[in-house]
Amino acid sequence: MTSKYQALPKGVSEARFDAAIKKFSAALGADQVLTSAEHLRPYTKVMMSVPDARHQPSAVVTATSVEQVQAVVKICNEYKIPVWTISTGRNFGYGSAAPVERGQIVLDLKKMNKIIHIDPELCTALVEPGVTYQQLYDYIEDNKLPLMLSFSAPSAIAGPVGNTMDRGVGYTPYGEHFLMQCGMELVLANGDVLRTGMGGVKGDKAWQVFKWGYGPTLDGMFTQSNYGICTKMGFWLMPKPPVFKPFEIKFDNEADINEIVEMLRPLRIANIIPNAVVIAGTLWEAATCGVRRSDYITEPGATPDSVLAQIRKDKHLGAWNVYCALYGSPEQVEVNWKIVTETIKRAGKGRIVTQEEAGDTQPFKYRAQLMSGVPNLQEFGLYNWRGGGGSMWFAPVSQARGSECDKQYALAKQILNKHGLDYVGEFIVGWRDMHHVIDVLYDRTSEEETKRANACFNELLDEFEKEGYAVYRVNTAFQERVAQSYGPVKRSVERKIKRALDPNGILSPGKSGINI
Ligand SMILES: Cc1cc2nc3c(=O)[nH]c(=O)nc-3n(C[C@H](O)[C@H](O)[C@H](O)COP(=O)(O)OP(=O)(O)OC[C@H]3O[C@@H](n4cnc5c(N)ncnc54)[C@H](O)[C@@H]3O)c2cc1C
């Protein structure tokens, strides 16, 4: 059956959708309600190994105030229209700006982009969802504030609210973003406005400085979920240190991963190296400094180890390339530098590269920028490795133990290569955990390669699960599958909460596998 819409919400007739669209237009203004193919195009570009049609939105609505968000929720309840919320909408490799299910409308909050408050003494911020990291960076620079941002690699074009709501990570000592979040404002499915932490206390000034408030602490429940629409978020900023000393340690052998992790873990847990250390594999490094697979090999399939060795040689890359930084006063940095260099010397392997030695070369430059809160888009070079626009992050978590990383690396490489794809990955060292982040890159213009990528992603999930590993976040095509890994009791609790807070199931149904 043809319709004038690109898609319709599940179970909603065209006539009912017409009526809802009229209401949205009356509440928001006609220019804030988009339905044409041309207007919806930016919201349909998924990079996943499934047809675009599965994630086609029926409409996009934008809002400029909390009251408008409340109006959207009211209409959605009345017409039983599911609404998928995005802030800056740059969730590339996790579903981009498209909804989890076909026919959902997208609520795009990019126009709510006020930096409400930055306190340079308490080092806190309160922002609306559309604020980008670039906007914050410019504000901090223009006002010469002694503060440093932490952000995901798409920094300039992404933002703290969306990234934190999806529990994303950055590369400074404040890189675990949800840990640094303090106070949220949320519009609930019934239109109520909830402020978490101290935010509900009239006249309170501690909303952005004390996370826990009183009674149950609710913030976590709203991340990676579909229980509310975040309209304001507070978070902590790091004071800009007098000295920032980035460095790299290159290791020559793939087998070194075990020792690298054992060596770094104590330094990280003791905060001698205080930032989220990255251990990047050869192809990640190569792609982000501009190498394309076709420069070396034209046959399809997994890239042979001999080619990896050649790339290492040509581009002076390690099998593993570790990026860390020291932050603090000159005295603090000097002491910690001594500890770090002595630790590496004792290990008897690993070549240190300092800022002075690296100069302006990539990928050192962009890594140093990410570790010091300077936005850049260099990491998008990953997409040129194979070309064709297919990308799905496979991000299993493990303990920060050498043996675990070794095991995960070998398993991932074997499965990717079996499906004719490459290991393009890095480990990000949390305080005690590893986010093992692998970009499953493939040519989405090839139907055959897309099928292989899909089979590969399923096998990665299945085989890792058998070994007791699960991912911390996943693209929208696999969210239902991953929810199963976490067990039936968790799912049942999530469902009960969903039914209680959102009985019509209008807020992002299907997000993280949660439905009424
Ligand atoms: C090359 C490359 C490198 C990347 N590196 C990183 C990295 O270092 N770290 C990292 O974390 N990610 C990384 N990503 C993934 C992603 O691009 C970032 O996480 C990005 O910050 C997410 O997009 P966003 O900030 O625009 O959030 P959005 O797309 O706006 O939001 C993300 C999700 O959060 C939920 N959400 C958003 N806003 C709200 C709201 N107001 N209320 C309720 N729920 C909401 C929605 O489910 C949405 O899909 C990378 C991607 C690429 C392509």
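What you see is a predicted model; the values in this text were computed from it and never measured.

What to know about the overall build of the protein chain
Part 1 of the argument: Check the secondary structure of the protein chain and you find 15 helices and 19 strands.
Part 2 of the argument: Over its C-alpha trace the protein chain gives a radius of gyration of 23 Å, about what one expects of a compact globule, namely 24 Å for 516 residues.
Part 3 of the argument: Put simply, the protein chain has 516 residues, and 59% of those count as buried.
Part 4 of the argument: Of the roughly 21100 Å² of accessible surface on the protein chain, a fraction of 54% belongs to carbon and sulfur atoms.
Part 5 of the argument: Side-chain charges of the protein chain comprise 58 positive and 57 negative groups, with the mean position of each set lying 5 Å from the other.

Here's the deal with the packing of helix H6 (residues 257-269) against helix H9 (residues 330-347)
Part 1 of the argument: The interhelical angle for the contact between H6 and H9, taken along N-to-C directions, is 155°, at an axis separation of 11 Å. Accordingly, the angle class assigned to the pair H6 and H9 is roughly antiparallel. With respect to the hand of their crossing, H6 and H9 are arranged in right-handed fashion. Contact residues: Glu-259, Met-263 and Leu-267 in H6; Ile-339, Val-340, Thr-343, Ile-344 and Ala-347 in H9.
Part 2 of the argument: Broken down by class, the residue content of the contact of H6 with H9 amounts to six nonpolar, one polar and one charged.

Considering the site of the ligand
Part 1 of the argument: By nearness alone, 32 residues border the ligand, and Ser-87, Thr-88, Arg-90, Tyr-171 and Tyr-383 come closest of all.
Part 2 of the argument: Contact between the ligand and Asn-163: an oxygen atom at 3.0 Å from a side-chain N or O atom of the residue.
Part 3 of the argument: A distance of 2.9 Å is found between a nitrogen atom of the ligand and a backbone nitrogen or oxygen belonging to Cys-230.
Part 4 of the argument: In the complex, the protein chains occlude 97% of the 960 Å² of accessible area that the ligand would expose alone.
Part 5 of the argument: Counting only elements with at least two residues in the shell around the ligand, the list comes to strand E3 (83-86), helix H5 (160-165) and strand E10 (229-236).
Part 6 of the argument: Grouping the constituent residues of the shell around the ligand by class yields 16 nonpolar, 11 polar and five charged.

Here we look at the environment of Lys-205
Part 1 of the argument: Within the fold, Lys-205 resides in the loop between strand E9 (193-195) and E10.
Part 2 of the argument: For Lys-205, a relative accessible area of 79% corresponds to the exposed category.
Part 3 of the argument: Linking Lys-205 and Ala-97, residues 108 residues apart in sequence, is a C-alpha distance of 35 Å.

Thoughts on the pattern of salt bridges
Where charged atoms of side chains with opposite charge meet at close range, the side chains can pair.
Part 1 of the argument: On inspection of all chains with the given rule, the structure shows 36 salt bridges.
Part 2 of the argument: A salt bridge links Lys-511 to Asp-166, with the shortest nitrogen-to-oxygen separation between them at 2.8 Å. Linking Lys-511 in the segment after helix H15 (488-501) with Asp-166 in the loop between H5 and strand E8 (181-187), this pair joins segments that are 345 residues apart in sequence. The burial state of Lys-511 is the same as that of Asp-166; both residues are buried.

Looking at the packing of helix H1 (residues 14-28) against helix H3 (residues 66-79)
Part 1 of the argument: At their nearest, the axes of H1 and H3 sit 10 Å apart, and the two run at 165° to each other. Between H1 and H3, the angle is such that the two are roughly antiparallel. Viewed along their axes, H1 and H3 form a crossing whose handedness is right-handed. Between H1 and H3, the contacting residues are Arg-16, Ala-19, Ala-20, Lys-23, Phe-24, Ala-27 and Leu-28 on the first element and Gln-68, Ala-71, Val-72, Ile-75, Cys-76, Glu-78 and Tyr-79 on the second.

Examining the sheet that holds E8
Part 1 of the argument: Across the sheet, which stays open at both edges, the five strands sit in the order E5-E6-E10-E8-E9 with antiparallel pairing between neighbours. Every other strand in the sheet has two partners, leaving strand E5 (115-119) and E9 as the edge strands with one partner each. Neighbour-to-neighbour, the strand axes of the sheet open up by a mean angle of 10°, direction not taken into account.
Part 2 of the argument: In this sheet, strand E6 (residues 124-127) lies alongside E5 in antiparallel orientation, the contact comprising four bridges. Along E6, the bridge assignment pairs Asp-119 with Thr-124.
Part 3 of the argument: Against the sheet, helix H4 (residues 133-142) contacts E5, E6 and E10, and its axis sits at roughly 45° relative to E5.

Rules of the game
- Residues numbered from 1 in each chain as written.
- Predicted model: local features only at pLDDT ≥ 70, side-chain atom pairs only at ≥ 80, totals over all residues.
- Heavy atoms only, no water.
- Helix = DSSP H or I, 4+ residues; strand = E, 2+ residues; numbered from the N terminus.
- Rg over C-alpha atoms; globule rule 2.2 N^0.38 Å.
- Buried < 20%, exposed > 50% of the residue type's maximum accessible area, 1.4 Å probe, protein only.
- Areas by Shrake-Rupley, 256 points an atom, 1.4 Å probe, with all protein chains shown as cover.
- Lys, Arg positive; Asp, Glu negative; His and termini not counted.
- Charge placed at Lys NZ, Arg CZ, Asp CG, Glu CD.
- Axes fitted to C-alpha atoms, helices over the stretch in contact; angles between N-to-C directions.
- Parallel < 35°, antiparallel > 145°, perpendicular 65-115°, else oblique.
- Left-handed = near helix turned anticlockwise from the far one by under 90°.
- Contact = heavy atoms within 4.5 Å.
- Nonpolar A, V, L, I, M, F, W, Y, C, P; charged D, E, K, R; others polar.
- Near = heavy atom within 4 Å.
- Polar contact = N/O pair within 3.5 Å; in protein donor to acceptor, adjacent residues only side chain to side chain.
- Salt bridge = Lys/Arg side-chain N within 4 Å of Asp/Glu carboxyl O.
- Pairing = 2+ DSSP bridges.

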